[in-house]
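Chain by chain, the residues run as shown.
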Amino acid sequence: MKSIKQIAGYYKRKFGTSNPFEIAEFLNIEVIFDNFDKCSGCYLFMKNHRCIFINKNLEYRDRMLVMAHELGHAILHRKMNCYFIRNKTFLLTSKIEREANRFAVDLLIDDKELAEYEDKTVGQLSEIFGIEPALIELRLKE
């Protein structure tokens, strides 16, 4: 069984990008931007069709993280409908949420890039990559 890191690496190599929007396009996953009150994004699977909804009000870095997380659901949990609620997801103990978070950070932070900052703290890496410290800690775990 492949690890989530290996799966994320496979898609980066296959499509020559770590941009989750571009990967979704290659995989024919529909991406819809909308205005949500408390939801940053969600993944839906309906009638063998994958669709990701992204809150159009997100800043660029948050948009990339949410998209990578939802893409993780689309790839790892194809037939499940998953919601990414920004203020709650990082605290959830749900296995599928942890897996989607792991996919997102493995997709967005390359090993080579991370090695450049090996002397930095989690807080500094969080600032550099624009990703929550809890997710940086997750990325640093192998």
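Keep in mind that what you see is a predicted model, and the values were worked out from it rather than measured.

Peer 1: Quick question: what am I supposed to make of the overall build of the protein chain here?
Peer 2: When helices and strands are counted, the protein chain shows 8 helices and 4 strands. Secondary structure elements of the protein chain, listed N to C terminal, follow the sequence α-α-β-β-β-α-β-α-α-α-α-α. Scored against the burial criterion, the 142 residues of the protein chain give a buried share of 46%. Contacts in the protein chain between residues at least 24 apart in sequence constitute 53% of all its contacts with a sequence separation of at least 6.

Peer 1: I would appreciate a short explanation of the side chain of N55 in the present structure.
Peer 2: Structurally, the position occupied by N55 is in strand β3 (residues 49–55). When neighbours within four sequence positions are excluded, N55 is seen to be in contact with D34, N35, F36, C39 and S40.

Peer 1: Would you explain helix α3 (residues 60–76) in this entry?
Peer 2: The periodicity of an α-helix, 3.6 residues per turn, causes residues three or four positions apart to be oriented the same way. The end-to-end C-alpha separation of α3 is 24 Å, in line with the 24 Å expected for 17 residues at 1.5 Å each. Burial runs high along α3: 13 of the 17 residues are buried.

Peer 1: Explain the confidence of the model for the protein chain here, please?
Peer 2: In low-pLDDT regions, the fine details of the predicted coordinates are not to be read closely. Looking at the protein chain, pLDDT values average 88 and 89% of them are 70 or higher. The least confident element of the protein chain, judged by mean pLDDT, is helix α4 (residues 86–89) at 44; the most confident is helix α2 (residues 20–26) at 98.

Peer 1: Could you clarify how one ought to interpret unusual backbone geometry in this entry?
Peer 2: In most cases, non-glycine residues show a negative phi, while peptide bonds are predominantly trans. Look at N28: it is not a glycine, yet its phi comes out positive at around 60°. By the secondary structure assignment, N28 is in the loop between α2 and β1 (30–34).

Conventions we followed
- Residues numbered from 1 in each chain as written.
- Predicted model: local features only at pLDDT ≥ 70, side-chain atom pairs only at ≥ 80, totals over all residues.
- Heavy atoms only, no water.
- Helix = DSSP H or I, 4+ residues; strand = E, 2+ residues; numbered from the N terminus.
- Buried < 20%, exposed > 50% of the residue type's maximum accessible area, 1.4 Å probe, protein only.
- Contact = heavy atoms within 4.5 Å.
- Expected span 1.5 Å × (residues − 1).
- pLDDT = per-residue confidence, 0-100.

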